[in-house]
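The primary structure of each chain is shown beneath.
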Amino acid sequence: MALLESAQEGPAPADPTTGSDRRARGGRRSRATRRQDNLTAYLMIAPMVVLLGIFVMWPLVYSVYLSTFKISFYKAPQFVGVQFYTYVLESSDFWHSIWIGLYYALLVVPTGIVIALLLASFIKTLSRRVAAFMKVTIYLPAVVSTVIASVLFTFMYQDQGVVNWLLSLVNHAPVAWLNSPRWALPAIAVPGIWLGFGITTLILLAALLDIPESYYESAMLDGAGFLQRLWYITIPLLKNVLLYLLVTGFTLAIQMLDLPLIMTNGGPVGATSTPNYYIFNSFRDLTPYATSYSLTASLLLFVVLGTISIVIFRLIRSDKAVDG
Amino acid sequence: MSKRRSILALVTSAFVASSLALAGCGSGGSARTEGGKTVITFWQQKFEDYQQTWFKKEVDAFNASQSKVKVDYQVVPADTWAQKLKAAQAANKAPDVQTTNYGNIAAAAANGELADLDGLMPASAFADIKDNVKSFVTIGGKHYAYPMLVEPSTVLYYRTDLVAAAGLDPKNPPKTWDELIAWATKLTKGKVKGMTIASVAADLGWSSWGLQYNACGHLPIADDWSKSNATEPCYEKLLQFYKTLYQGGLMPKTPKVGYADASPYGQGEVAMMADGSWAVGQLKETFPAMVAKTAVAPFPSIDGDQTKTTATLGGWTLTVDAKSKAKAQAAGFIQWLLAGDPAIMASFFKASGFSKYTVRTSVDQALAGNPDATSDPFMKVISAKVVPYGKQEPAYPWDIALDFGTAIEAAMKGNLSIPAALKKADGQINDVIKKQSLAGTEPTH
């Protein structure tokens, strides 16, 4: 909107000698076209506003309203004010699940980005044909459904699975990967990384290819080594892409549901109970108490996720990329 | 100003449109009909395969037997049951008839979810229910469910061939928890583990009820539901028992299936198994070669006293939804299937390989002439030595059972020491009591 308006208001009256009537005519015309343009603009954003209104704003407002009731599908709902908010905030399990979500994101996102950056740098050095083959290979996990990946990895982690077989070669098997409170979360983070790094690699590869070769050439002429080139050229120029990957990666990873649901059912002893799993699991409880509780917990999770995104944005100040 | 007004207008119209759209989703009116027949939906939680076959056959028979009601039969997997049911309840589309287990009746009735069946089914139907089961479906003198079967939750199965090979006496199974651990230790050889028992909170929550009774004589909550009893020292022995089995490597640490599934035993991965009586049906059906090599005994007791409870008597009923628009037709279907011709339920118990118990006197009479019903060696042991000491499943909300199950799991997997795990469960159970206002709400029969 601001862009449209500044474009309209931009040109000043051309010639001070042409008289006031011309200016007035011009003003009338500009007002009329402005109104016309505004109408077009509103019409164009209207479908999105309507859809957002139906599927985001209204459910959100209505959920906040409902969260002040003890909901029962069979009896009249009972107004309880902010009682459920205190119940959720008091619950150690809720905070534990937020911690699990953060821990999972910490395991998955930085590792995924580092692996993807290494792979992207490697693919960049390859010939066109080999690079195409590598890109397809790396992207394949992204089209595998999470459910299938979960089942595959569950088999790999069994006592007789391939992971324990490898460990048995160095006499360390079997580890009850999915049934040990210590190893369960790292064990489900592995398929999490595997599923995600295909897209991350392609995005980073595109960003790497966008950095002009001339920068590297002049740096090399000045005697910069690989690490210096990485530190002074590649990473600064990838900053915006990395920020995007971090923010989307973190918010997605904290919301992980499928892997713990299928592989560990949130266990053992809540070790993989991510926030979404925790909320889903409280919803699955058949008591009316659980309905209001899971609703309130999901609203509070929304606040927590928003806060985390703001913190990441603050920590890494996003600059406009220096264009090459 | 005009910009603000138009934005306001847009947002308002968006809200109006959305409210209209949402209002359109609501349902109302009378029962669904199809070709002049009233349609009632029936959700059955997925059980052993033969049960689905039996239900399908009987529903078809019911639909063919009359021209007024059509039952729309749907099988719902157990792991998606709760969320599917809740979503349906929220949308006012809960099934007219559904399978409900004994443990859930009280909570559902207290929440007004179940229709009172007394006015909908004849009194003679309720008179036919055996005395020991009557209280399972009665709350405040009213019947909220019609029972289908009873099955004890915890029985010991063991491989006679492996036991003999390990130098133990198959005719003299373990009677105490210590003896059981000694057996499990001797039977753990190579890839075969000595024992399998529940190891995740969701399974431990219910499958350990019998053993909770065994350890302390009661469940970890006061009789009037006013406070938790989870820190009583007797429970420490129970947690120690599970912990020894798990940490001693006497049971599979990464089980592929839940407690109720007898596959690891059937596939020869373990020498002993704690499972419900339903496992008899699964062994006969899926692993017939195992039947000859298997013996059944009451689950060992904390002190060897075999008259102490080791199992709860679980089982399933059919209930009618309180909001059903065709309550009479729904109850009519239940009456036909569970309370009508005894031959129908007799055919069910036959299909189950007699691995479950009848709940009606008339069905017992119908089966009296069937030698299979009384001659099964496994069921003889379970009838004589387990069922008489079995207790009813608790009626308190599942959260409490889950908190205690989590304590057992935490002790098994070494997250917390046994006293710390029980202390945590104690706090959580008291928290559930407070937040769900449970004190004094225990149901009366």
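The structure we're discussing is the one just above.
(A) Expanded view of the overall build of chain B. If you tally the helices and strands in chain B, you get 21 helices and 14 strands. Along the longest, intermediate and shortest principal axes, the C-alpha atoms of chain B span 85 × 65 × 40 Å. Residues classed as buried in chain B amount to 50% of the 445 residues present. Considering only intrachain contacts with a sequence separation of at least 6, the fraction spanning at least 24 residues in chain B is 77%.

(B) Structural view of the interface of chain A and chain B. Counting residues at the interface gives 31 residues for chain A, matched by 37 residues for chain B. Looking at the side of chain A that touches chain B, the elements with two or more residues in it are helix 2 (20-66), helix 12 (275-284) and helix 13 (288-315) of chain A. The greatest single-element share of the side of chain A that touches chain B, amounting to 8 residues, is contributed by helix 2 of chain A. Each residue belonging to the side of chain A that touches chain B can be placed in one class, and the counts come to 18 nonpolar, 9 polar and 4 charged.

(C) Main features of the sheet that holds strand 11 (residues 294-298) of chain B. Residue and element names in this part refer to chain B. Strands sit in the order 10-9-11 across an open sheet of 3 strands; the sheet is antiparallel. Single-partner strands in this sheet number two, and they are strand 10 (272-275) and strand 11. Neighbour to neighbour, the strand axes of the sheet diverge by 25° on average, direction disregarded. Note: strand 9 (residues 155-159) against strand 11, 5 bridges, orientation antiparallel. By the bridge assignment for strand 11, Arg-159 is matched with Thr-294. Contacts from helix 19 (residues 377-385) reach strand 9 and strand 11 within the one sheet, and its direction differs from that of strand 11 by about 5°.

(D) How the structure looks around helix 2 (residues 49-65) of chain B. All names here are of chain B. With 17 residues, helix 2 ought to run about 24 Å at 1.5 Å a step, and its terminal C-alpha atoms sit 25 Å apart, in line with that. Those residues of helix 2 that sit buried are Gln-51, Glu-58 and Phe-62. Seen along its axis, helix 2 keeps its buried residues to an arc of 45°; they face one direction. When the buried face of helix 2 is taken as reference, the exposed residues oriented beyond 90 degrees from it are Asp-49, Thr-53, Lys-57, Asp-60 and Ala-64. Contacts made by the buried residues of helix 2 are with strand 3 (69-76), helix 15 (327-338) and helix 16 (342-351).

Criteria and cut-off values
- Residues numbered from 1 in each chain as written.
- Chains lettered and ligands numbered in written order.
- Predicted model: local features only at pLDDT ≥ 70, side-chain atom pairs only at ≥ 80, totals over all residues.
- Helix = DSSP H or I, 4+ residues; strand = E, 2+ residues; numbered from the N terminus.
- Buried ≥ 20, exposed ≤ 12 C-beta atoms within 10 Å, placed from the backbone.
- Contact = placed C-beta atoms within 7 Å.
- Nonpolar A, V, L, I, M, F, W, Y, C, P; charged D, E, K, R; others polar.
- Pairing = 2+ DSSP bridges.
- Axes fitted to C-alpha atoms, helices over the stretch in contact; angles between N-to-C directions.
- Expected span 1.5 Å × (residues − 1).
- Arc of directions from axis to C-beta.

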